[in-house]
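For reference, the chains in residue letters:
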Amino acid sequence: MKHTKVLLIAALAGLMPVASGSAQQRHTIAFDDLIAFGRISDPQVSPDGKSVAYAMTRMDLAKNAGNSDIWLVSVTGGAAKQLTQSEKRDNNARWSPDGRQLAFISTRDGSAQIWILEVASGEARKLTAISTGADGVIWSPDGKNLAFTSDVYPDCRDDACNAQRNKAAEASKVKAKIFDHLLYRHWDSWKDGKRTHIFVIPAAGGTPRDLTPGDFDAPPFSLSGPADYDFSPDGKELCFARNTDKVEATSTNGGLWTVPVAGGEPQKITANPAYDGSPLYSRDGKYIAYRAQRRPGFEADRFELMLYDRAARASKSITASLDRSVSESTWAPDSRSIYFTAEDEGFSSIYRVGANGEPPVRVVEKSYNGDIQVTPDGKTLIFTRQSISKPSEIYRAGADGRDVRPLTMVNDTALSQITMGPVESLTYKGFGGTNIQAWIVKPPFFDANRKYPAIFLVHGGPQNAWGDNFSYRWNMQMFAGRGYVVFAANPRGSMGFGQQFTDEISGDWGGKVYQDLMSGADYLAKLPYVDATRVAAAGASYGGYMMNWLEGNTDRFRCLVSHDGVFDAASMFGATEELWFPLWDFKGTPWDNPAVYQKWSPSSYVKNFKTPMLVVHGELDYRVPVTQAFELFTALQLMKVPSKFLYFPDEGHWVLKPQNSQLWWKTVQDWIDQWTKAK
């Protein structure tokens, strides 16, 4: 099922080649390397344009947890400075308008709260003590207030009520839940009657005020992506996204609203029946840029960048001519243009578009970039960049995209000891002669005269893509380092190849996309350095579904790994939470359209099961409920198919805890070795 840009993926180029003597001193990547990398995120340019604050997370295998801190680096590069040293999470750093302070979220004394750091002295003070915790902090441009989100009981009028309700729930020995509407749980958490609301608090301290009261989420839940609220330049207004549809489980309709920061009734400013969100005021206050989709109920529809004219109270698309989906954006300081990122044929390119009609143009391409920022003088872009061979680092470039160079090199020393496999992008013909892009990662120290076993990977989504980015969960170099050729295709349904290409998987989960993949498997088998008799296939989410589909529709693979995959579409519909997803992709409910559900359910083909399969699933996965895996494993066992189940009672759709991740990698790699390397 749909992830938002969280799966693995590939890189166009590995590290620079090394001489054979030094290569022998290196090693192939292993789990200890993967877990030790510093994970950089969320760069924020200071108001004077001289510094970049960012978060860096380090994972601790012994503690089975990660710890993030706030760091600072000059926009010209050089040694970075660590600003916080808490043993708990410090992240989401945001500069005060005068540049003297950084607000950030910390769990250093228990629940997540806002802290204010004096940059010059390094002294930090706690700003909030709200019982329901704080997240997503931003400053008002006038420096007077901060906004943040918190999950509260909508019928509570103050924090004392929320605190009492939480305390009573924790103390009660009865853990039963009562719910009377959809959505009652989401991804890996129960809603428990709470709603996400946006609060404001004076920068000097005080009592937070709820700006979005009521029985609605504001902003609506988003797995990742830009914030769904922003202050106006004068600090007097807040724009936010909210979904007021009665049945949220079937709705992707987020509208934009504005509310006075001093308090008052929110006013809706968009009438689109589909998604509107990620608002950003222009610096001159004339416009609000935001992302919008056109088709209600379709979460993988193209995101267009819109401009709302505050004076005319009208909106228009400024990326309608670009057949790419906008990911994140930021205004240029002069309010004349906007920079944004978009998935682009396996990469994440940086574009610029004019506010007054200038069409979108690529500024930085053929690389995987994100977290785009512009310095206050408008001359420099700050962004993160990654590849399959290198974790994310912070980079800078000119506003024209030239002179790209790194500002951080957190993992360079560790990477200098590792030999990565060479990576290439290729194109082959899929169903009907359609061009399909794919990545190949060869084993380190590759020998063209050898025959290697291979791993055939299928991405999740299904509206997603294998891109030129690094992953800590499904990492191609981790498989290549084990001695495999890795093949990862972007068949129909993948993003970054035009919206029609993305649309062509809807209602056809095992159809043209399956043919695209099998054509890719044919291509892989013909490579002179691949042993076509020793190929495994693996995938998660929709990739797990495709493993289940392969189980009943082909016997060409030596073994399969199915992680969080749909097995029976009808029973999945009755237990999942985001109902808009199957309603769109399966064209209705199981009782209205039973033939489609039966046709595309791997459960319909159990009598053909014969390929050895490893099943992986987490109890807390509410997107693809764990019952799908239990049903699958039962079928495999009764069909006497060699099979094993790796079950995580404390994980959701992803395996996140370090020690669980270690077990995942060992179990998955050992399973594939067992069936592809056995004599």
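Since the structure is predicted, the reported quantities are computational estimates derived from the model, not experimental observations. (Residues numbered from 1 in each chain as written. Predicted model: local features only at pLDDT ≥ 70, side-chain atom pairs only at ≥ 80, totals over all residues. Heavy atoms only, no water.)

Asker: Explain the packing of aromatic side chains to me, please; I cannot follow it from the model alone.
Answerer: Aromatic ring pairs are defined here through the distance separating the ring centres and the angle between the ring planes. Scanning all chains against the criterion turns up 43 aromatic pairs. Summarising the aromatic geometry, the rings of Trp474 and Trp664 are spaced 4.9 Å apart at their centres and angled 70° between planes, so their arrangement reads as edge-to-face. Pair noted here: Trp474 is in the loop between β33 (452-458) and α5 (476-480) and Trp664 is in helix α13 (residues 658-676), with a separation of 190 residues, a long-range link. Accessibility assignment for this pair places Trp474 and Trp664 in one class, buried. With 5.6 Å between their ring centres and 50° between their planes, Phe497 and Phe501 make a pair best called tilted. (Phe/Tyr/Trp six-rings, centres within 6.5 Å; stacked < 30°, edge-to-face > 60°. Helix = DSSP H or I, 4+ residues; strand = E, 2+ residues; numbered from the N terminus. Buried < 20%, exposed > 50% of the residue type's maximum accessible area, 1.4 Å probe, protein only.)

Asker: Help me out: how do you make sense of α13 in this one?
Answerer: Every α-helix carries 3.6 residues per turn, so stepping three or four residues along brings you back to the same face. Between its terminal C-alpha atoms α13 stretches 27 Å, which fits the 27 Å expected from 19 residues at 1.5 Å a residue. Among the residues of α13, Pro658, Asn660, Ser661, Trp664, Trp665, Thr667, Val668, Gln669, Trp671, Ile672, Asp673 and Thr676 are the ones counted as buried. (Expected span 1.5 Å × (residues − 1).)

Asker: Just checking my understanding: could you explain the state of the cysteines for this structure?
Answerer: As used in these notes, a disulfide is a covalent bond between sulfur atoms, one from each of two cysteines. Following the criterion strictly, the structure yields one disulfide and no others. In this model Cys156 forms its disulfide with Cys161; the gap between the sulfur atoms is 2.0 Å. Taking the torsion about the sulfur-sulfur bond, which here is approximately -60°, the covalent link between Cys156 and Cys161 counts as left-handed. The class of Cys161 is partly exposed, set by a relative accessible area of 24%. (Disulfide = S-S within 2.5 Å.)

Asker: I'm lost on the confidence of the model for the chain in this one. Help?
Answerer: Detailed reading of the predicted coordinates is not advisable wherever pLDDT is low. Averaged over all residues, the pLDDT of the chain is 95; the fraction at 70 or higher stands at 96%. Below a pLDDT of 50 lies the segment residues 2-23, which in the model reaches 77 contacts outside its immediate sequence neighbourhood of four places, other chains included. (pLDDT = per-residue confidence, 0-100. Contact = heavy atoms within 4.5 Å.)

Asker: Would you explain the sheet that holds strand β13 (residues 195-202) in this entry?
Answerer: By way of backbone hydrogen bonds, the strands of a sheet pair with one another, either parallel or antiparallel. Strand order in the open sheet formed by four strands is β9-β10-β13-β14, with antiparallel pairing between adjacent strands. Only two strands of the sheet have a single partner each, and these edge strands are β9 (135-139) and β14 (209-210). Strand direction decides the pairing type here: strand β10 (residues 145-152) and β13, joined by eight bridges, are antiparallel. Residue pairing across strands places Val152 opposite Arg195, the latter belonging to β13. (Pairing = 2+ DSSP bridges.)

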